[in-house]
Amino acid sequence: MKPFKKYRIYFAALVLMLGCESALDEEAKTFYTEDTFYQTEQDVRLAINGIYGHLGATYDETLNSNGLYFANYWTVNALLSDEGETSFNRGDGYNQLSAMVHTPENTVVLEIWSNIYLGINAANMAIANIPDVDMDGQTKEALLGEAYFLRGLLYFELVRFFGEVPLQLEPQTVFTSSAYLARSPIDEVYAQIFSDLSVAENSLPSEQTGVDNGRPTLWSAKAYMAKAALQQGEDLQLAKTKLEEIIKSGRFGLWEDYADVFKIENNNGKEVLFAISFLEGTDLFSTLWEGGHLVFRTLPGGVYDGLPNGGGLEIPTTALYNSFEDGDRRKEVTFMTEDVIDGELVEFDTPYIVKYWDREAEPLVNNTDNDLQLIRYADVLLMYAEVLNEMNSGSTPEALDAINQVRRRARFADGEEREVLPDLTAMGYEDFREAILEERKKELTWEGHRWFDLVRFGKLEEKVSQAKPEVPVAPRHYLLPVPQRERDINPKLTQNPGY
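In this text the structure is predicted, and so the values were computed from the model without any measurement.

Trainee: Mind showing me how you'd approach the packing of helix α13 (residues 397–410) against helix α14 (residues 429–443) here?
Mentor: For any two helices packed against each other, the geometry is given by the interaxial angle and the distance between the axes. Packing of α13 against α14 leaves a shortest axis separation of 11 Å and a crossing angle of 30 degrees. As for how α13 packs across α14, the hand of that crossing is left-handed. On α14, the residues that touch A399, L400, I403, V406, R407 and R409 of α13 are F432, A435, I436, E439 and E443. In terms of residue class, the contact of α13 with α14 is made up of seven nonpolar, no polar and four charged.

Take a look at the structure:
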C-alpha cells in the first residue's frame, strides 16, 4: 500500500479526540483546534472518518496501527474458541489467549479495550458537535446517524468482550479510556446499544453509492439490532422483526458459489450488510484503512515469492478442519493443505486458512484489500433459523428453509451440485440448535463469530475441550479480563470473575 502521509491532516479529528490542542499538517502548515473544527460539512465528514481510524490500520503508524478489526477482533475470536490456535510459541499475548492462560496484563486484551474506547470517544465528539454545524439537513442527519451506528457497534463489541463496562456518552477532550466511571450493568449497556442503533436505522440511507459505498446503511443498523437482541437473549421478537425486514426486502442474497463471497471484486456486493473495508481510498473522504492482516497472519510463512511473506501466525485446529465433510465447497475455499510453488507441489504439515486470499487480484502474500465482512446475508439466514428455534422450541418450515439455503449453496461448485449436505428436515429444539451452531461454524469460519457463538449457546467449555483438550477452559473465559492498566488508572473498575 502507499505510504499514509499526505492524508494525516484529513484525520486531524482523531488528534482532537485524544485531547491535543491542535494538529499540524506538514505540507499546508494548517492548524486545527476544537474552536476551529466542526465548522463545515467537510469537517463533519472528516470527523466521521476519524471514528473509523480507530477500527482499522491507518490512524497512526507508530502509536495505533492495529485498530480493532485490523487483526485482534477475528484472531481473538478464533483463539478463544475451538477454531484456532497459535502455530508456534511466540511468547506474546496471542499465545496466552490460545492457551487460555491470559491475565489482566495481556497486551492484546488491552489493545481491544483501548481501541474500542478511542472509537467511542471519537463518536461521542461527533455526536456532540455535528448538530451545531451549518449544513444541509438531510446530509447532517445521515452523517450523525453514521456516528450513532458506530458508537452502537463499538459498545456491542465492548459488552460482548468484557460484560459490564463504563458507559461513557460524553466526549473527553483530555482522554482517559474509561473516563473514571464505574462499570454499568449489562442491561444498561444493551439499552444504549439499541438506542444508538435505532437512531441510525431512522437516519441512515437505504444504500450508499459512489465513494460512500461500504459505509453503513439502515440495513446495517437492522442487522446489528437483531444480532444484539439475539446475543442478549431478552427480546427475540425484536431480532425476528429486524431479520424478517431484511429478508423480505429482497435487497440481499447469497452468491451462487461460496468462493465468490471472498472475491475482492464482490466486496460490498449483494451478500454484505456491513463490512470493514481495507481499501486505500482515492480522496480524503474515502480513505479509511490501508489493508488488513486477514491473509498475512494465516498463510504459511517462508514458502512464497515476494515480500513480505505469509506469517503463519495462527492455524485452524485439527478438529475444525476434520468437521467439514469432503465435498463441502466451504472446506476447499476455507482451507489450504498444499499448493504448487515454483512448479512443485508442496504439502503443508497443517491446514491453513486461505478463504480471504483472492489470488487473482492479489497474487503476492501481503496485507490485503479484501474486506472483513462483519455481517453478511448467510449470517442473517442462520440467525433467523436460531431465533425461530428459540421462539418455537424446535424447527419450523421457515427456519429449515433459512438454514437449507446456506447448506444448498455449500453444495454448489463451478455451477454443479454435489451429493453432500442434504437439506435438514424437522428437528426438536436441542437437535436443531446443535445443527445451527454447527452450520455457523462451517459457514463463518475465521470471520469473528465463533467465540461469541459458543458463549451465546453456552457451549464454550464443551467445544473447546473437544478441540483443544490440553487447554484449561473455564467459566471465566466467557469474558475477557478488564485490563489491569485501566484498573490502575481508574479505581472504580471492578474485575470479571475468575481473573
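Trainee: Where do I start with helix α5 (residues 107–129) in this structure?
Mentor: Residues separated by three or four positions in an α-helix point in the same direction, a consequence of the helix having 3.6 residues per turn. Here α5 is 23 residues long and its end C-alpha atoms lie 33 Å apart, about the 33 Å a rise of 1.5 Å per residue gives. The element α5 is largely enclosed, with a buried count of 18 among its 23 residues. Between a side-chain oxygen at the N-terminus of α5 and the backbone nitrogen of V108 the separation is 3.0 Å; the capping residue is N106.

Trainee: Explanation requested: the nonpolar core in the structure shown.
Mentor: Across soluble globular proteins, nonpolar side chains have a tendency to be buried as a group. Residues F149, F161 and L372 are the most contacted members of the largest nonpolar core, which totals 138 residues. Among the elements that take part in this core, helix α6 (residues 137–162) stands out by supplying 14 residues, more than any other. In this view, L372 contacts Y69, Y73, W74, A275, I276, F278, L294, Y356 and E447; residues no more than four positions away in its chain are not counted.

Trainee: Just checking my understanding: could you explain helix α15 (residues 450–457) for this structure?
Mentor: Most of α15 sits inside the fold, with seven of its eight residues counted as buried. Along α15, the residues that are buried comprise R450, W451, F452, D453, L454, R456 and F457. Just beyond α15, the residue with positive phi is G458, at close to 70 degrees.

The rules behind the values
- Residues numbered from 1 in each chain as written.
- Predicted model: local features only at pLDDT ≥ 70, side-chain atom pairs only at ≥ 80, totals over all residues.
- Heavy atoms only, no water.
- Axes fitted to C-alpha atoms, helices over the stretch in contact; angles between N-to-C directions.
- Helix = DSSP H or I, 4+ residues; strand = E, 2+ residues; numbered from the N terminus.
- Left-handed = near helix turned anticlockwise from the far one by under 90°.
- Contact = heavy atoms within 4.5 Å.
- Nonpolar A, V, L, I, M, F, W, Y, C, P; charged D, E, K, R; others polar.
- Expected span 1.5 Å × (residues − 1).
- Buried < 20%, exposed > 50% of the residue type's maximum accessible area, 1.4 Å probe, protein only.
- Polar contact = N/O pair within 3.5 Å; in protein donor to acceptor, adjacent residues only side chain to side chain.
- Core = buried A, V, L, I, M, F, W, Y, C linked by side-chain atoms within 4.5 Å.

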